[in-house]
Amino acid sequence: MIARLRRALAPGAVLYEQEDLRPYECDALTMHRELPLAVVLPSDEAEVTAVLELCHEAGVPVIARGAGTGLSGGATPRSDAVLMSLARLSRILEIDPHARIARVQPGVRNLAISEAVASHGLYYAPDPSSQIACTIGGNVAENSGGVHCLKYGLTVHNVLALRAATVEGEVLAIGAGALDWPGYDLLALLTGSEGLLAVVTEVTVRLIPKPECARVILAAFDSIVTAGRAVADIIAAGIIPAGLEMMDRATIAAVEPFVRAGYPLDAEAILLCESDGTAHEVHEEVAHMEEVLRRAGATECRVSRDEAERVRFWAGRKAAFPAVGTLAPDYYCMDGSIPRKCLAAVLEAIREMEIKYGLRCANVFHAGDGNLHPLILFDANVPQEAARAEAFGGEILELCVRHGGSITGEHGVGVEKLDHMCVQFGARELEVFHGVKRAFDERGLLNPGKALPSLHRCAEFGRLHVHAGQIPHPELPRF
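Residue positions are counted from 1 within each chain, in the order its sequence is given. Restriction of local features to residues with pLDDT of at least 70 applies here, the model being predicted, together with a cutoff of 80 or more for giving and counting side-chain atom pairs; totals for whole chains, interfaces and linings are based on all residues. Note that water and hydrogens are dropped before the side-chain values are worked out from all heavy atoms of the structure.

Asker: Could you give an account of the sheet that holds strand β5 (residues 92–96), with specific residues and numbers?
Answerer: Reading across from one edge, β5-β6-β10-β8-β9 is the order of the five strands in this open sheet, with antiparallel pairing throughout. Edge positions in the sheet fall to β5 and β9 (171–175), since each of these pairs with one other strand and no more. On average, each strand axis in the sheet is inclined to that of its neighbour by 10°, with strand direction left out of account. Here strand β8 (residues 159–165) pairs with β9 via five bridges, running antiparallel. The residue bridging Leu162 from the neighbouring strand is Ile174, located in β9. We call two residues in contact when some of their heavy atoms are within 4.5 Å. Where helices are involved, their axes are fitted lines through C-alpha atoms of the stretch in contact, as for all axes, and angles between N-to-C directions lie from 0 to 180°. Only runs of H or I of at least four residues qualify as helices and only runs of E of at least two qualify as strands under DSSP, and these elements are numbered from the N terminus. Contacts from helix α4 (residues 110–117) reach β5, β6 (101–104) and β10 (199–206) within the one sheet, and its direction differs from that of β5 by about 45°. One requirement defines pairing of two strands: DSSP has to find at least two bridges between them.

Asker: Before we move on, can you summarise the pattern of salt bridges with the specific residues and values?
Answerer: When a carboxyl oxygen of Asp or Glu is within 4 Å of a side-chain nitrogen of Lys or Arg, the pair counts as a salt bridge. In the structure shown here, the tally under the stated rule is 26 salt bridges. For the salt bridge of Arg163 with Glu45, the shortest nitrogen-to-oxygen distance reads 2.8 Å. Here Glu45 lies in helix α3 (residues 45–58) and Arg163 lies in strand β8, a separation of 118 residues in the sequence. Glu245 is the partner of Arg317 in a salt bridge, and the nearest nitrogen-oxygen pair spans 2.7 Å. Here the residue Arg317 occupies a position in helix α11 (residues 307–318), and Glu245 occupies one in strand β13 (residues 243–248), the gap between them amounting to 72 residues. There is no split in this pair, since Arg317 and Glu245 are both buried. Accessibility here uses a 1.4 Å probe with only protein chains present; expressed as a share of the type maximum, an area under 20% marks a residue as buried, one over 50% as exposed, and anything in between as partly exposed.

These results come straight from atomic positions and should not be treated as a statement about function.
Right under this line is the structure:
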């Protein structure tokens, strides 16, 4: 198989020695590691399809990988599979400032799009914290969001068209530059499909004008529960901020010495609330938000004085994940979503879980859309701490479902949340998901073992949890 791949690709584009495979053994979910059979680095769409054709003919699984910044194990290799890195498909193919679109290859970094179109007064809105490194192909696979997703939407709301190769190597053109197109909405189906249905080879994204003005309110609270209620109050007041983020005391304590963002170290929680638009719109919205925040119990409200301070406030939030790495040898980043009105109750429950599991948890939230990112601190060198961290994270996901939320907001299911798909969905829904998978990939060769648990696995997981008394609800949510 390796000999055939080497004939199909350029010299040096097939890695198979153990020392060359080691950097690809995991993505950002480092708890799960495995060496792939081989790593291939195609340079264009034709080479992508050639690899898929060869692997399909031989019955060898293929796992597509972007920059490896995914947090759910979606790009975790298998020893019987070829890992296809799309890092060399890194060209911006077209920028059309009049139509406000950019056509890019999947290996283009998220931030590189905004940098390339900045001279036209445009930018690409979805901005995950890893945007300096993560690639647009990975963003499509996971339907990534970011701190500005509340107002401007997730990846699915900002992608107009895709080119994608099927497991047999057939290239599909999906979507168009127009607002609507005939046929089924396969664009939405592929966005967030975690590499199970096709391999993205080209993406057309929507660009939006840079706002004339943007300002951030940094609001401090003496209680994380009060901060959670303030989020609900802002939305209830009819305000849709450009960004609405929350960090608790533990996260603030890690971020401030790391970035020097100017966060108050005595606060139990802070909210970052951004307004953008014309100068007049921003002035009025900031005043309205500040009034709501003070009424909700904010002990301090600080409005960014200039663009440099606004950028510094956001730099702290975007550095939260690496900064928390200074608090403990390891941390486990969870990702669930809940209705905003439940934020205070869920935060209280997480505090109780810290005592139950004997582990600290630093909390970072896309508060505006109810997307939680609890960071569970542990030391993998201490026996059973990693297992306790996983159990802690699993209980948070079940808590999200009980409050009417979801087991993932933007990080995907991957290998991390396979069992908790069984909590979120019943047998009938999972059968439909497997039917969609078979329609694209009948033999299950694309990213096998990710995102979709077998019904047998769910039955085993259900019996274990019911025996342990961890899932009190008998009925699972339906579509």
